[in-house]
Amino acid sequence: MSFTTHPSSRRIARVALSMGTAAALVASLGAPATFAAPAQTSNAARAAAHTTISSLSSDQQKAGFNRFVITYTDDALNAGGINWASPAGTHVATWSDSLYSGITADVQKIDDLLNVKTNYVRTTSQKATVVTTSSKLTAEQAEKYMAALSSNASVASVEPDLMRRSSARRQATSTLAKAASASKTQAAVTPNDTLYPQQWNLHDAKGISAPEAWATTQGSGVTVAVIDSGIVKHPDLDANVLPGYDFITEPSIARDGNGRDADPTDQGNWEEAGVCAADSEASESNWHGTHVAGSIAAIMNNKRGIAGVAPNAKILPLRALGMCGGYDSDIADAMVWAAGGTVEGVPANTHPAQIINLSLGGEGTCPATYSKAIAEVNKRGAILVVAAGNDDQDTSKIAPANCGGSIVVGSTNQKGQRSDFSNYGKIVDVSAPGDGIMSTVDLGTTVSTGAGYTEYDGTSMAAPQVAGIIALMKSVDPSLTADRAKQVLKQSAKPLTCNVNACGAGIANAASALEVLQGKNAAPAHPKPKRAPKYPTRAARTGYVTNPTTNHNPPFLITPHGLIPGQ
Ligand SMILES: [Ca+2]
Ligand SMILES: [Ca+2]
Ligand SMILES: [Ca+2]
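Here we summarise the structure given alongside this text. Everything numeric in this text was worked out from a predicted model, so none of it was measured.

Here we take up the sheet that holds strand β6 (residues 118-123). Backbone hydrogen bonds hold the strands of a sheet together, and the pairing may be parallel or antiparallel. A sheet is described by the order of its strands in space; here 4 strands give the open sequence β6-β7-β5-β8, paired in antiparallel fashion. Looking at the sheet topology across the chains shown, the edges are occupied by β6 and β8 (155-160). Across the sheet, the axes of successive neighbouring strands diverge by a mean angle of 25°, strand direction being ignored. Taken together, the 5 bridges between strand β5 (residues 65-72) and strand β7 (residues 129-137) define a ladder with antiparallel strand orientation. Of the residues in β7, the one forming a bridge with Ile-70 is Thr-129. Packing against the sheet, helix α5 (residues 139-150) makes contact with β5, β6, β7 and β8, and its axis sits at approximately 165° to β8.

The structure is reproduced here in structure tokens:
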């Protein structure tokens, strides 16, 4: 999924919702009003409950398909033949015990028809089968392939296993002395972190009012999973980082020489032109996961760098996005594992997360792969926060934001307006600052070279603001449910300027959320958002993304030693 405002955003792939790059996934479902788990797939409805080829962008369709997820009916799964009850981490399914009687024949038939060979890859946490075809299928062939296998009575759905991308941009920053207008009140905590004055998102009038909330809690006792590009060592973050896991199964995008492993270190996601797609541009590593993690739980009051929204919370880094992005099937397994669920071949999670941040997404209808994983996450009580995407379009077209069962976050700027890249619509629950967000990164343009800081734009940056606020809420009230969290966030939000049909309830407000949660305050008066002038044209937006002087990203890197010009 891609959440980028990149002028050349490759829709093929879903991109991580990072600075300005929002992946947009659609929901044909309309706004989820509650956290109800996705409906169970009935035979009658099952055709609609997965990613369809027609819901994907033309670029994606043109790129072709060679990886699919086959989801089985509950009846078929219950019929058995597979030792699903084996201890976690010991049973690794194979093709022969993953395919049920009769499916093999259908696979053979469609393979022969399309002149390909289907290969088993693995079984997911939801007991679906990931397969690849020996060559890429066209959109038309993929439709045939999916239809042929779907006709089997044991199969609930077949959908492409799409790759979501993480696309982050470093934002131009003209000076370290950017005005800080912390709204200090008696109750506010003012940290000594050197870049704190630039963290407008925390302390400005249109920010999330974190300093006032910190007087009550700083997030102790709460774990937030960050499913992203992994993590790098960083002195402003390390003490808050738990051992995570690397869910990338495909060594060619993992860059660590193997499949899944216990080391979620971000190996860098730089790309050379034409490698990830025929027309893809070269790009530098963005250390997206480290940036997101820093926004949530960077160490506060250490006279260094930034402060996280919940600086005493812990981060569980789960790597699912590699070079070119990450597969739905890996992301979905990471979600289930984050919440304490079982994933075969992966040791049990000894630090289940109460909150899961997904700063990623992409176009298309909600995949069954996500529906099932989100249902499991909801059942286990973890609160899922999902970026709306950076495509300046309705979020109904962006998955997993359109899957329901999560809190969907749009982005706002320093003026309290919807960010020009942010997706919108009724699916967005709440917005949060996502423009010029300073956080932790590595300074390497390819591999890691050392810790630094930079600003990024994107709903990828907005979602962790909300994940951090929920961590503060959860710290105060460990019994907080996802439904209640959403309700309180909406009730306590600050007004925002929305120039489209809907941007969610407003700008998330940490201080007011804690007050509402603790019953100290009625909901604040909430004037109807002003309607802003019509949104500028796409051409006008392009200049926003890149430094107009140098036409280069990044123009500067912000390091503990000051600004380093980009190359
Ligand atoms: Ca690996
Ligand atoms: Ca690894
Ligand atoms: Ca710090």
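Attention now moves to the coordination of the calcium ion (ligand 1). Ligation of the calcium ion (ligand 1) by protein atoms is provided by Asp-256 (OD), Asp-256 (OD), Asn-258 (O), Asn-258 (OD1), Gly-259 (O) and Asp-261 (OD), these donors lying 2.2 to 3.1 Å from the ion. Around the calcium ion (ligand 1) sit 6 donor atoms, and with donor-metal-donor angles ranging over 52 to 173° the site reads as irregular. Sequence spacing among the residues donating to the calcium ion (ligand 1) works out to D-x1-N-G-x1-D. Here the calcium ion (ligand 1) and the calcium ion (ligand 2) are spaced 3.6 Å apart, with Asp-256 acting as a shared donor. Residue Gly-259 shares its accessibility class with Asp-261, and that shared class is buried.

Here the focus is the pairing of β6. Pairing of β6 with β7 involves 5 bridges; the strand directions are antiparallel. If you follow Thr-118 over to β7, its bridge partner there is Thr-133. Taking the residues between adjacent antiparallel strands as the criterion, β6 and β7 are bridged by 5 residues, where Lys-127 takes a positive phi near 65°.

Under the counting rule described, the total for this entry stands at 5 aromatic pairs. On the basis of an interplanar angle of 65° and a centroid distance of 5.5 Å, the ring pair of Phe-247 and Trp-337 is categorised as edge-to-face. One end of the pair, Phe-247, is in the loop between β11 (245-246) and α8 (251-254); the other, Trp-337, is in helix α10 (residues 328-338), with 90 residues separating them in the sequence. A residue is classified by how much of its surface remains accessible, and Phe-247, at 0% relative accessible area, is buried. On the basis of relative accessible area, Trp-337 is assigned to the buried category, the value being 4%. Through successive ring pairs, a cluster of aromatic residues spans Tyr-245, Phe-247 and Trp-337. The ring of Tyr-327 has Arg-67 sitting right over it, with the charged end atom 3.7 Å from the ring centre. Here the basic side chain of Arg-255 rests over the ring of Trp-270, its NZ or CZ set 3.4 Å away from the ring centre.

Along the chain, the position of Ser-157 falls in strand β8. With residues near it in sequence (within four places) discarded, Ser-157 still touches His-50, Val-69, Ile-70, Thr-71, Ser-150 and Ala-368.

A separate point is the nonpolar core. The biggest cluster of nonpolar side chains holds 58 residues, and the ones touching the most others in it are Ile-355, Ile-407, Val-409, Val-466, Ile-469, Ile-470 and Met-473. Setting aside chain neighbours within four positions, we find Val-409 in contact with Val-385, Val-386, Ala-387, Ala-388, Val-428, Val-430, Ser-431, Ala-432, Thr-459, Ala-462, Ala-463 and Val-466. Ranked by size, the runner-up nonpolar core spans 37 residues in total, among them Ala-225, Met-335, Val-346 and Leu-360.

On to the coordination of the calcium ion (ligand 3), then. Each protein donor to the calcium ion (ligand 3) is listed here as Asp-193 (OD), Asp-236 (OD), Asp-236 (OD), Ile-299 (O), Asn-302 (OD1), Arg-304 (O) and Ile-306 (O); together their distances run 2.3 to 2.9 Å. Site description for the calcium ion (ligand 3): donor spacing in sequence, D-x42-D-x62-I-x2-N-x1-R-x1-I. Taken together, the residues Asp-193 in the loop between β9 (163-166) and α6 (200-203) and Asp-236 in the loop between β10 (223-228) and β11 connect sequence positions 43 residues apart. You'll find Asp-193 and Asp-236 in the same group, each marked buried.

All right, on to the sheet that holds strand β14 (residues 355-358) then. Taken together, the 7 strands give an open sheet; going across it, the order is β11-β12-β10-β14-β16-β18-β19, and neighbouring strands pair in parallel fashion. Only two strands of the sheet have a single partner each, and these edge strands are β11 and β19 (430-433). Bridge analysis of strand β16 (residues 383-387) against strand β18 (residues 407-412) gives 3 bridges, and the strand direction is parallel. Among the inter-strand pairings, Val-386 is bridged to a residue of β18, identified as Val-408. Strand contacts of α10: β10, β11, β12 (314-319), β14 and β16, with the helix running at about 150° to β12, the strand carrying the most contacts. Across the face of the sheet, helix α12 (residues 459-476) comes into contact with β10, β14, β16, β18 and β19 while running at roughly 125° to β18.

Conventions used here
Residues numbered from 1 in each chain as written. Chains lettered and ligands numbered in written order. Predicted model: local features only at pLDDT ≥ 70, side-chain atom pairs only at ≥ 80, totals over all residues. Heavy atoms only, no water. Pairing = 2+ DSSP bridges. Helix = DSSP H or I, 4+ residues; strand = E, 2+ residues; numbered from the N terminus. Axes fitted to C-alpha atoms, helices over the stretch in contact; angles between N-to-C directions. Contact = heavy atoms within 4.5 Å. Donors = N, O, S within 2.8 Å, 3.2 Å for Na, K, Ca; no water. Tetrahedral: all angles 85-135°; square planar, octahedral: opposite > 155°, others 65-115°. Buried < 20%, exposed > 50% of the residue type's maximum accessible area, 1.4 Å probe, protein only. Phe/Tyr/Trp six-rings, centres within 6.5 Å; stacked < 30°, edge-to-face > 60°. Lys NZ or Arg CZ within 6 Å of the ring centre and 35° of its normal. Core = buried A, V, L, I, M, F, W, Y, C linked by side-chain atoms within 4.5 Å.

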